[in-house]
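# Breakdown of the fold
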Amino acid sequence: MLERLALRSAAFAERWFPDAWVFAVLGVLVVAACALGFGASPRDTVQAFGGGFWSLIPFTMQMAFVVIGGYVVATAPAIARLIGRIARWPRSGRGAIAFVALASMLTSLLSWGFSLVFAGLLVRALARRDDLDMDYRAAGAAAYLGLGAVWAMGLSSSAAQLQANPASMPPGLLPITGVLPFRQTILLWQSVVLTGALVLVSLAVAYFTAPRGSAVRTVRDFPDALDAVGVVAKPQALPPPTRPGDWLEHSPLLTIALSLLGFGWLYLEFTGKPLLSAIANLNTYNFLFLSLGLLLHWRPRSFLDAVSRAVPSTAGVLIQFPLYGGIAMLLTHAAGADGHTLAHRLSTLFVQVASHDTFAVVMGSYSAVLGFFVPSGGGKWLVEAPYVMQAANELQFHLGWAVQVYNGAEALPNLVNPFWMLPLLGVLGLKARDIVGFTFVQLLVHIPLVLGLLWLLGTTLAYIPPVLP
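Being a predicted model, the structure only gives us computed values, none of them experimental.

For the rest of this paragraph, the subject is the pattern of salt bridges. Taken as a whole and assessed by the stated rule, the structure comprises seven salt bridges. Note that Arg220 is salt-bridged to Asp130, the shortest N-O span being 2.2 Å. Separated by 90 residues along the polypeptide, Arg220 in the loop between helix H12 (189-209) and helix H13 (223-233) and Asp130 in the loop between helix H7 (112-127) and helix H8 (136-143) bring together distant segments of the chain. The exposure class of Arg220 is partly exposed, given its relative accessible area of 46%. When the shortest N-O distance is used, the salt bridge between Asp305 and Arg301 registers 3.2 Å. With Asp305 and Arg301 both in helix H18 (residues 300-310) and four residues apart, this pair spans about one turn of that helix. The class for Asp305 is partly exposed, based on a relative accessible area of 27%. The structure contains a network of salt bridges with shared partners spanning Glu249, Arg301 and Asp305.

Below you can see the structure in the form of structure tokens.
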């Protein structure tokens, strides 16, 4: 039944699901129309959109370098051989898809950036096996489960990281929440139970929704994906230098000198901070990947050729992320006739109908809905936290579990929102509509599971007032 539902959802998505950029434009228009409908002036509306358009540029470049770093490392012959060995383990197409899903979710608990690249490269390696009969769409959806299911429950959770570090919090938030160390958020036994349940259920859904027989569409059915898979399979040989100016490009001297600087900085970064904290920093992660890629390619010309082949895959990231910056600013800065923004109206609507017993379900549902329009875990938490945590105080709800309510529900819209899919899609050479049919089935299963467990496990925790440093 799940397999038939996934296939029907995939067929619907292939026919009706627009390109990710179109989805983002529709989001901008809906939010702008709502702002105007509540009395925001046209001037304020367009100013909010334009003011937010470039607000995610640093994040946009970080995400682009996630793709570039993954491509650069993947094209190194040594890494290609390593991935190839791991890809030999599965014995069937469905088993390969479940293997990808497990690898994606477990690695996302350490770092979502690492998970995104690692799982994508693993799919590409598995797709080269003729004996697996693996559905490439379902495998791509499985590679996305780290971002779509459990990443926010792990060590790179933006909300948990923020709440554990008072120096990083906005001044107005600290008095409301106090300091919430990891043992009050992601390391609660309730959080471990929720994460374990999500991993097991997601694995089962990924396995049973994987097409079989004539319904399987392998990588050969996707011309763009064939190019992506071939990059790892057969790294292009470096032609010999033909002119004096080629000497430095083909010499490892520049690689050695730059690697000494790069890995020297990385040594200081990892020795000066806890290992998990350092690797969770996206800038550090990207720097590590690029440094590894440079060293593994050994010759600058080989490294530069790999970067050139990777850049086209970042087109979707570069053109779409600014639209999400505009959406965020429209929600938080385009005030209506009464001076209230759309974000305030949404929060008021949901907070007013919540009680202590229904807080987890109401706020979880609200965070999930808002996540369709502001799909940035850290940025959205800064918007939500002041009123969500104030409501938790007023309702005597465990503050650390309120963070986990956000973390658990925040991942739900990721399953169908193309925002986080873009880097993975660039690695795989797929479109959002190719995998969203399978992730939609995951969403149908996750909604009652996540909201139910957030409510049930929350009843085992007692309220603790904010603890200030």
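Attention shifts here to the packing of helix H6 (residues 93-108) against H12. Closest axis-to-axis distance for the H6/H12 pair is 8 Å, and the angle between their directions is 155°. In terms of axis orientation, H6 runs roughly antiparallel to H12. Crossing hand, H6 versus H12: right-handed. In this structure, H6 uses Arg94, Gly95, Ile97, Ala98, Ala101, Leu102 and Met105 to contact H12, whose residues at the interface are Leu198, Val199, Ser202, Leu203, Ala206, Tyr207 and Phe208.

To continue, consider the confidence of the model for the protein chain. Model confidence for the protein chain is summarised by a mean pLDDT of 83, while 89% of its residues fall at 70 or above. Of all helices and strands in the protein chain, the one with the weakest mean pLDDT is H13 (63), whereas H12 scores best (95). Contacts from residues 231-235, a stretch scored under 50 in pLDDT, to residues over four places away or in other chains number 10 contacts.

Here is what the cut-offs are and how they apply
- Residues numbered from 1 in each chain as written.
- Predicted model: local features only at pLDDT ≥ 70, side-chain atom pairs only at ≥ 80, totals over all residues.
- Heavy atoms only, no water.
- Salt bridge = Lys/Arg side-chain N within 4 Å of Asp/Glu carboxyl O.
- Helix = DSSP H or I, 4+ residues; strand = E, 2+ residues; numbered from the N terminus.
- Buried < 20%, exposed > 50% of the residue type's maximum accessible area, 1.4 Å probe, protein only.
- Axes fitted to C-alpha atoms, helices over the stretch in contact; angles between N-to-C directions.
- Parallel < 35°, antiparallel > 145°, perpendicular 65-115°, else oblique.
- Left-handed = near helix turned anticlockwise from the far one by under 90°.
- Contact = heavy atoms within 4.5 Å.
- pLDDT = per-residue confidence, 0-100.

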